[in-house]
Amino acid sequence: MNQLNGWPLNAPSASGTDAIRRTVAPSSSVPGPGPGNRPAGSRGDAFDVLVVGGGINGAGIARDLSGRGLLVLLCEKDDLAQHTSSSSTKMIHGGIRYLEYYEFSLVRKALAEREVLLKSAPHIIHPLRLVMPHDPSMRPVWMMRIGLFLYDHLARREVLPASATIDLREGEIGEPLKPKYSKGFAYSDGWVDDARLVVLNAVDAVERGAEVLTRWRCVDAKRAADGWHATLESADGQHRSITARALVNAAGPWAAQFLREHAHVIDSKSLRLVKGSHIVVRKLFDHDHAYVLQSPDRRIIFVIPYEGDFTLIGTTDIEQRGAVGQARIDESEIAYLCEQASRYMKKAITPADVVWSYAGVRPLLEDESIDASAVTRDYQLDFDTQSAPLLTVWGGKMTTFRKLSEEAADMLAAPLGATRGAWTRGAFLPGGDLSSWIGAARRPDTDIARFEQMLSLRHPELTPMLCRRLSRAYGSRVEVLLRDGLGAEVAPGLFEAELNYLHDHEWARSADDVLWRRSKLGLHLTVEQRSAVAQWCTSNWEPIAAQMAGANKARSETTWN
């Protein structure tokens, strides 16, 4: 786990029908103050499906299955999205570089999902225009044009504009680049708040009948004639025995380990654990485009506007040799990212410029590729139907999570007698339906701008900066958050109402959950301000906040200032 100035990092809403639906507070080892929150075990111990893993795939599958009328329990040993799913490059994209590896099926599938996700969650996903400066020593112009033509036409586009060739000597887009880069190629993808995407899937699952337990691990799962008999263990040592007719292994980097050590299943599959690291520096430019930089090793590096005042640079692809949960960026990765960005940018970037860094481990399907960056990002679903069904998720990427979840639910639906078919395509994620505020949807990017305007008119007490942040974090669910006013300001721009909302409705149990996953406010606050948030959480969220603070303190940390 990384740190910023000594603070631990692990990076890391109502409308239409949402407006009248009562939000059910999530479960945890310690009930929150919300009226819908129940202690573990109070709702019974027999489920249709047990999902192990609270990353994007686990949360997506739990949501899809719950929407089909099945009773689902999701357990996650840490916080939601605490590992791989909050350590991405924050993009919903087709993966233009995968065309070089002839991954046409994967790229087509991902491209088709971009606009589906944009429309489902315009508050946390928005279009992103990317510019690739042309370096004659890298890929030739003809190759770039063919690649972009395929990228434009492998799947239908309604919102995102087509690619174009641009003159970098004109306008602000070329200004941050070295003068030798005169030509570029522009194309479109999407940006996503990755950790919030996971949380919103879990929220939707709960509102459709699921139970979600964070900081509960599945320590044992045994197959029997009547299903799976599992033992769950909480962070504070409680135990709970449950039964499930089917088991979904969505443990990400731990998937193979979970099968062997906890589900007692022998499987021949193996994962290639590849670490991807990112750095954050003070903003390098003022416009809203991102850059895609080609490196001599034929990898590409993204340079993306981030959190208003910062620029995100990543990612690396190296083999993860140590424990999965202890992945950290190393000095060579920082030097690599700084060097590659400095090849293109006028302003040289050095390790001293890094204000934050994070690393995550991608669980990729082993395909014997020599180069880690060439390992496929596609996924595979293994469905074992002998006796009690077992479905294991291998691989995958953020962009294709909805399709993966749909395919997984399709496999389980018939054996479990689901009452509904596929439904998530075209469905809003919590907070994504803005119609009660702005009328019928037009375009995701303009809809959220109109919503922000309406929010500022309805709540003039919000500063422009706070209005923008709340609208783009919670969408129409912000009216639940603001129902009783903002309350006291715990840190600049962070009020008690938001902290209580995150605890009662989004499983936040520590300051780390709030500052680095539910938001990235930790980047904007001083050491003293982050400490004030931690003290507030400890005082108001006992005992779990104190337990997590103690666990964090016991870990070996790396500090980047």
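Above this text sits the structure in question.
Residues numbered from 1 in each chain as written. Predicted model: local features only at pLDDT ≥ 70, side-chain atom pairs only at ≥ 80, totals over all residues. Heavy atoms only, no water.

Trainee: What exactly am I supposed to notice about the overall build of the protein here?
Mentor: Looking only at helices and strands, the protein has 16 helices and 24 strands in total. By residue count, 62% of the 561 residues in the protein fall in the buried class. A total of about 20,800 Å² of accessible surface is found on the protein, and carbon and sulfur atoms cover 53% of it. (Helix = DSSP H or I, 4+ residues; strand = E, 2+ residues; numbered from the N terminus. Buried < 20%, exposed > 50% of the residue type's maximum accessible area, 1.4 Å probe, protein only. Areas by Shrake-Rupley, 256 points an atom, 1.4 Å probe, with all protein chains shown as cover.)

Trainee: Help me understand helix H2 (residues 56-67), please; the structure alone is not making it clear to me.
Mentor: In an α-helix, one turn spans 3.6 residues; hence positions three or four apart end up facing the same way. Taking 1.5 Å of rise per residue, twelve residues should cover 16 Å, and H2 covers 16 Å from first to last C-alpha, within 8% of that figure. H2 sits mainly inside the fold: twelve of its twelve residues count as buried. Every buried residue belonging to H2 is among Ile56, Asn57, Gly58, Ala59, Gly60, Ile61, Ala62, Arg63, Asp64, Leu65, Ser66 and Gly67, and all of these are buried. Looking at the buried side of H2, the elements it contacts are strand E4 (46-52), strand E5 (72-76), helix H5 (194-207), strand E13 (239-249), strand E21 (390-395) and helix H8 (401-416). Backbone geometry just after H2 places Gly69 at a positive phi near 90°. (Expected span 1.5 Å × (residues − 1). Contact = heavy atoms within 4.5 Å.)

Trainee: So what exactly am I meant to see when it comes to the environment of Tyr501 here?
Mentor: With respect to the secondary-structure elements, Tyr501 resides in helix H13 (residues 496-506). Relative accessible area serves as the criterion here: at 5%, Tyr501 is assigned to the buried category.

Trainee: Honestly, the pattern of salt bridges in this entry has me stumped. Any pointers?
Mentor: Any two side chains of opposite charge can pair, on the condition that their charged atoms come close. Scanning the model with the defined rule gives 44 salt bridges in all. Linking Glu406 and Arg402 is a salt bridge whose minimum nitrogen-to-oxygen distance equals 3.2 Å. Separated by four residues within a single helix, Glu406 and Arg402 lie in helix H8, roughly one turn from each other. Here the two residues Glu406 and Arg402 agree in accessibility, since each one is buried. (Salt bridge = Lys/Arg side-chain N within 4 Å of Asp/Glu carboxyl O.)

Trainee: Please clarify how the state of the cysteines should be interpreted in this entry.
Mentor: Working definition of a disulfide: a covalent bond connecting the sulfur atoms of two cysteines. On inspection of all chains with the given rule, the structure shows zero disulfides. Cys75 supplies the cysteine sulfur nearest to Cys218, a cysteine that is in no disulfide, at a spacing of 5.3 Å. (Disulfide = S-S within 2.5 Å.)

Trainee: Help me out: how do you make sense of the side chain of Gln320 in this one?
Mentor: Residue position: Gln320 is located in the loop between strand E18 (318-319) and helix H7 (331-342). Owing to a relative accessible area of 12%, Gln320 belongs among the buried residues under this scheme. A distance of 3.1 Å separates a polar side-chain atom of Gln320 from the backbone oxygen of Ala323. Every residue in contact with Gln320, bar those within four places of it in the chain, is listed here: Leu273, Val274, Lys275, Ala327 and Val361. (Polar contact = N/O pair within 3.5 Å; in protein donor to acceptor, adjacent residues only side chain to side chain.)

Trainee: Which parts of the structure should I look at to understand the nonpolar core?
Mentor: Soluble globular proteins: nonpolar side chains tend toward being buried together. Leu499, Leu515 and Val533 are the most contacted members of the largest nonpolar core, which totals 68 residues. If you tally residues by element for this core, the top one is helix H11 (residues 464-474), at five residues. The residues touching Leu499, leaving out its near neighbours within four places in the chain, are Val490, Leu494, Val514, Val533, Trp536, Cys537 and Trp541. Ranked by size, the runner-up nonpolar core spans 47 residues in total, among them Val51, Ile61, Leu200 and Leu429. (Core = buried A, V, L, I, M, F, W, Y, C linked by side-chain atoms within 4.5 Å.)

Trainee: Would you explain the packing of helix H3 (residues 104-120) against H8 in this entry?
Mentor: If you want to describe how two helices pack, look at the angle between their axes and the distance between the axes. The N-to-C vectors of H3 and H8 enclose an angle of 100°; their axes lie 9 Å apart at closest approach. Relative to H8, H3 is oriented roughly perpendicular. Here Lys109, Glu113, Val116 and Leu117 of H3 come into contact with H8, specifically with Phe401, Arg402 and Lys403. A per-class count over the contact of H3 with H8 returns three nonpolar, no polar and four charged. (Axes fitted to C-alpha atoms, helices over the stretch in contact; angles between N-to-C directions. Parallel < 35°, antiparallel > 145°, perpendicular 65-115°, else oblique. Nonpolar A, V, L, I, M, F, W, Y, C, P; charged D, E, K, R; others polar.)

The quantities given are spatial measurements derived from coordinates; they are silent on function.
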